[in-house]
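Residue-level listing of the chains:
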Amino acid sequence: MSNLEFIKTYGHEEVAFFQNEKAGLRAIIGVHSTKLGPALGGCRLYPYASLDDALFDVLRLSRGMSFKNAAAGLPLGGGKGVIIADPKAKCQDLFEAYGEAVDSLGGRYYTAEDVNTTVQDMTWTMNKTKYVVGQDGVSGDPSPYTAIGGVDGIKAVAKFLFGSDSLKGVKIALQGLGHVGFDMAKQLLDLGADLIVSTYSNRKNMEEAKSWGAKEVPDADIYSTECDILAPCALGATLNYKTIPTLKCKAVAGIANNQLLDDECGVMLKKKGIAYAPDFIINGGGVINAGQEAFTTYDKEKVLVQVHNIYNTVYNILEESKKTGEPEGVIAQRFAEERIKNGLK
Ligand code: NAD
């Protein structure tokens, strides 16, 4: 599908291109939907090979944010910003120019950190616009909330598989001991899980996790590890035509974005009898935390109540999938689309 067809098919409301020669800014902001509220989604900085590649990314990611925000029950739409640049060229001028771009949309789009953008970059962005969330000293780092939601989602999966959400003795293979994965590993061990872990970098985290009782496997072996739940917490597209046939788990539940290479992979999991907690539902804790800044005064207690609700959403989707035979991702997307169409209840 060409980018124009994509816009036509998925109904983006607004796609704006920005250029500021002096600051070196070339950016696109995609507003997919403001049906539930202002669009929210992070700003990705990447040396895209072409304008078309950047456009494709912003179209796909902004639509994904509409689903994620709706499924999380946030009165927010979906949007995304991309800056076409080398991460080494980041500077204050660039993000101030980006801030002017965000501001020119008059609050229809709120931005935040994403791949290759940091709290510092957003602080520069804020010199020119107030439409920034995930601010230092307000909601701050989203990772701990993503981890809480991830563990809740895993508990819901255990309840679905075994009739109890106790994780005592549940064998979990977790991939990726980064910001979120490491935090989840600690919580899962505290809850008595039998934890197996792999990671590319972060050896220090690995040694610490092992000292708490986790067992290490080489990353190549994590997919074929016999376990109850596989928790992908590293990169996207790890569930693909090569890895799915090797899986020896009963369920997949992790917080990495875009875990399935494509929709057909969701069908493959279903055919193998493996339950799947849709990624954009189970990893919504971070956006629930940051998103609150866009529509009300930040309140940590309210955030936690909403993050813990990920448990119910995951559980209900698994039950519906068992009843209808549809892949969980299909049900999750329909759930989000209905909310966008009919509003939050
Ligand atoms: P991170 O960069 O801190 O950690 C990623 C970890 O994965 C690193 O430790 C890296 O060594 C490891 N890794 C990469 N490839 C691997 C592989 N093939 N096998 C084993 N380990 C591998 O990132 P993060 O913030 O923890 O996020 C992890 C994932 O969760 C990403 O997909 C991210 O998009 C998604 N996510 C994060 C948040 C958040 O709040 N940080 C929110 C929603 C989704």
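Please read these numbers as outputs of a predicted model, since none were measured by experiment.

Rules used in this analysis
- Counting restarts for each chain, with residues numbered from 1 along the sequence as it is written.
- The predicted nature of this model means local features are confined to residues of pLDDT at least 70 and side-chain atom pairs, given and counted, to a pLDDT of 80 or more, with totals for whole chains, interfaces and linings taken over all residues.
- Values reported for side chains reflect all heavy atoms of the structure, with hydrogen atoms and water molecules removed beforehand.
- Helix and strand definitions follow DSSP, with helices as H or I runs of at least four residues and strands as E runs of at least two, each counted in order from the N terminus.
- Only C-alpha atoms enter the radius of gyration, while the globule expectation follows 2.2 Å times N to the 0.38, with N the number of residues.
- Note on classification: 1.4 Å probe, protein chains only; a residue is buried when its accessible area is under 20% of the maximum for its type, exposed when over 50%, partly exposed between these limits.
- In what follows, residue pairs with any heavy atoms lying within 4.5 Å of each other are defined as contacts.
- Per-residue and other accessible areas follow the Shrake-Rupley method at a 1.4 Å probe size, with only the shown protein chains counted as cover for residues.
- In this tally, Asp and Glu contribute negative charge and Lys and Arg positive charge; neither His nor the terminal groups of the chain are included.
- For this purpose, a charge sits on NZ of Lys, CZ of Arg, CG of Asp or CD of Glu.
- For every domain, the bounds stem from an assignment made automatically or drawn from a database.
- Values labelled buried area give the accessible surface lost by two parts on being combined, using a 1.4 Å probe and summing over both.
- By salt bridge we mean one thing: a side-chain nitrogen of Lys or Arg within 4 Å of a carboxyl oxygen of Asp or Glu.
- Contacts described as polar in this section are N or O atom pairs within 3.5 Å, which, within protein, must combine one atom able to donate a hydrogen with one able to accept it, while residues neighboring in sequence count only if both atoms come from side chains.
- Residue count minus one, scaled by 1.5 Å, sets the expected span of a helix.

Asks: Give me the lowdown on the overall build of the protein, citing residues and values where you can.
Replies: Of regular secondary structure, the protein possesses 14 helices and 12 strands. In summary, the protein has a C-alpha radius of gyration of 20 Å against a globular reference of 20 Å for 345 residues, a match within 12%. Each principal axis of the C-alpha distribution contributes one length, and for the protein these read about 55 × 45 × 40 Å. Here the protein holds 345 residues, and 53% of them are scored as buried. At a minimum sequence separation of 6, the contacts of the protein that also span at least 24 residues come to 65%. For the protein, the computed accessible surface area is about 15,100 Å², with 52% contributed by carbon and sulfur atoms. In the protein, 37 positive and 42 negative side-chain charges are present, and the distance between their average locations comes to 4 Å.

Asks: Explain the domain arrangement of the protein to me, using residue names and the numbers behind them.
Replies: Partitioning the protein into domains gives domain 1 (3-63 + 74-125) and domain 2 (143-283 + 311-340). The C-alpha centroid of domain 2 is placed 29 Å from the C-alpha centroid of domain 1. Listed per partner, the contact involves five residues of domain 1 and five residues of domain 2. Taken as a group, K35, L36 and R63 account for 68% of the area that domain 1 buries against domain 2, more than any other trio of residues on that side. Between domain 1 and domain 2 we count zero salt bridges in total. Here domain 1 and domain 2 share one residue pair in polar contact (both at pLDDT 80 or more) between them.

Asks: Just give me the short version of the pattern of salt bridges, but keep the residues and values in it.
Replies: Tallying each qualifying case throughout the model produces 17 salt bridges. Residue E207 pairs with R203 through a salt bridge whose shortest N-O separation is 3.0 Å. A residue pair is termed a helical-turn pair when its members lie 3 or 4 positions apart in one helix, as E207 and R203 do in helix α7 (residues 203-211) at four residues. For R203, a relative accessible area of 40% puts it in the partly exposed group. The salt bridge partner of K210 is E216, with a shortest N-O separation of 2.9 Å. Note on K210: relative accessible area 33%, which makes it partly exposed. Note on E216: relative accessible area 32%, which makes it partly exposed. Overlapping salt bridges bring together R44, D57, R60, K80 and D114 as one network.

Asks: If you had to explain helix α5 (residues 143-162) to someone new, which residues and values would you point to?
Replies: Residues lying three or four places apart along an α-helix face the same way, a consequence of the helix completing one turn every 3.6 residues. If you check α5, its first and last C-alpha atoms are 28 Å apart, about what 20 residues at 1.5 Å a residue would give, namely 28 Å. Just beyond α5, the residue with positive phi is G163, at close to 80°.

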